[in-house]
Amino acid sequence: MTVLPGPNPTIGCAPAVGCPTASPPATPAAAATHRPSEGSVHSWDLSTGVDGPGTRFVTFLAGCPLTCLYCHNPDTMRMRGGKRTSADDVIAEASKYTRFIAASGGGATLSGGEPLLQPVFAGELLHRLRHDLGLHTALDTSGYLGARATDALLRDVDLVLLDIKSWDRDTYRKVTGRPLEPTLHFARRLADLGKEVHVRFVLVPGLTDAPDNIEGVAAFAATLGNVTRVDVLPFHKLGESKWEALGMRFTLHDTPVPTTEQVEAAKAIFAAQGLTAV
């Protein structure tokens, strides 16, 4: 992973998350016209198999309104954890790999953090990755800030990787510090737009693994009609050292990782709703 150090806490901020007020262009289309675009970028990397189909150029934007207990990149939670970076710089880096990416059937993914915390910057990146470089585009999001994604931004997204972290509202708030409803509203909007979605569900023993909780997510996803895949992601502790380095307490230290049997049982619940679970 290429890490871009250097803080700048004001990039892409918005009053809804306690950031300084700014007046950027209202839509990605406006962003493409005015080219204001710089954002807070944590890092970029090439990945295969975990951030969408094929090999992908993944840009991790800094800042997230959620504080997920199992976050494996807590260093991306804060806007100041990134570096002020231009869209031109990101596109120039991605362009180095376009032939390799295309040969793999891959593309480009915006991740984080939460990309929709910086909607103008994210919109310009998606537009240019898709139209200038001809890459398949994916947006990795919790959906909590889905209202910030304009229709113009979503037109430049081929696939949404949507994290639905729990169906039980109390558990969702415990895991993320935020309510579930904005994610559900965004999911329904994506369905109305016919936008392809891969749902992501992290299986955490003793937290999200209750069968009725999984069944709730599965039943909801099955009603949408645009969910082509569900990724059941086993909880892991690979980010624990990052929490410690940041002086943050990792509260799931004593939580076990799920067994193979538990993961397969969760997949079976999604499959029973007619969904492809992997």
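Residues numbered from 1 in each chain as written. Predicted model: local features only at pLDDT ≥ 70, side-chain atom pairs only at ≥ 80, totals over all residues. Heavy atoms only, no water.

**Student:** Which parts of the structure should I look at to understand the pattern of salt bridges?
**Tutor:** Any two side chains of opposite charge can pair, given that their charged atoms come close. Per the counting criterion, the structure on display carries 12 salt bridges. Here Glu38 and Arg84 are joined by a salt bridge, their closest N and O atoms 2.3 Å apart. In this pair, Glu38 is assigned in strand 2 (residues 38-48) and Arg84 in strand 4 (residues 83-86), connecting sequence segments 46 residues apart. With a relative accessible area of 35%, Glu38 lands in the partly exposed category. Exposure remark for Arg84: the relative accessible area of 43% places this residue in the partly exposed category. Notably, a salt bridge pairs Arg128 with Asp88, separated by 2.7 Å at the nearest N-O pair. Taken together, the residues span a long stretch of sequence, with Arg128 in helix 4 (residues 119-131) and Asp88 in helix 2 (residues 87-95) at a distance of 40 residues. Overall, Arg128 belongs to the buried group, its relative accessible area being 10%. (Salt bridge = Lys/Arg side-chain N within 4 Å of Asp/Glu carboxyl O. Helix = DSSP H or I, 4+ residues; strand = E, 2+ residues; numbered from the N terminus. Buried < 20%, exposed > 50% of the residue type's maximum accessible area, 1.4 Å probe, protein only.)

**Student:** Any chance you could explain the packing of helix 2 against helix 4 here in plain terms?
**Tutor:** In a pair of packed helices, the angle between the axes and the distance between the axes together describe the arrangement. Across the interface, helix 2 lies against helix 4 with an axial gap of 10 Å and an inter-helix angle of 35°. Crossing hand, helix 2 versus helix 4: right-handed. Of the residues in helix 4, those in contact with Ala87, Asp88, Val90, Ile91 and Ala94 of helix 2 are Phe121, Glu124, Leu125, Arg128 and Leu129. Here the residues of the contact of helix 2 with helix 4 are counted per class, giving 7 nonpolar, no polar and 3 charged. (Axes fitted to C-alpha atoms, helices over the stretch in contact; angles between N-to-C directions. Left-handed = near helix turned anticlockwise from the far one by under 90°. Contact = heavy atoms within 4.5 Å. Nonpolar A, V, L, I, M, F, W, Y, C, P; charged D, E, K, R; others polar.)

**Student:** Quick question: what am I supposed to make of the state of the cysteines here?
**Tutor:** In protein chemistry, a disulfide is the covalent bond that joins the sulfur atoms of two cysteines. All told, the structure shown has 0 disulfides when counted by the stated rule. Cys71 forms no disulfide, and the closest cysteine sulfur to it belongs to Cys68, at a distance of 6.4 Å. (Disulfide = S-S within 2.5 Å.)

**Student:** Just checking my understanding: could you explain helix 4 for this structure?
**Tutor:** Each turn of an α-helix holds 3.6 residues, which means side chains three or four residues apart point in the same direction. Its 13 residues give helix 4 an end-to-end C-alpha distance of 18 Å, which sits within 8% of 18 Å, the value for a rise of 1.5 Å per residue. Listed in full, the buried residues belonging to helix 4 are Val120, Phe121, Ala122, Gly123, Glu124, Leu125, Leu126, Arg128 and Leu129. (Expected span 1.5 Å × (residues − 1).)

Structural measurements only, silent on function.
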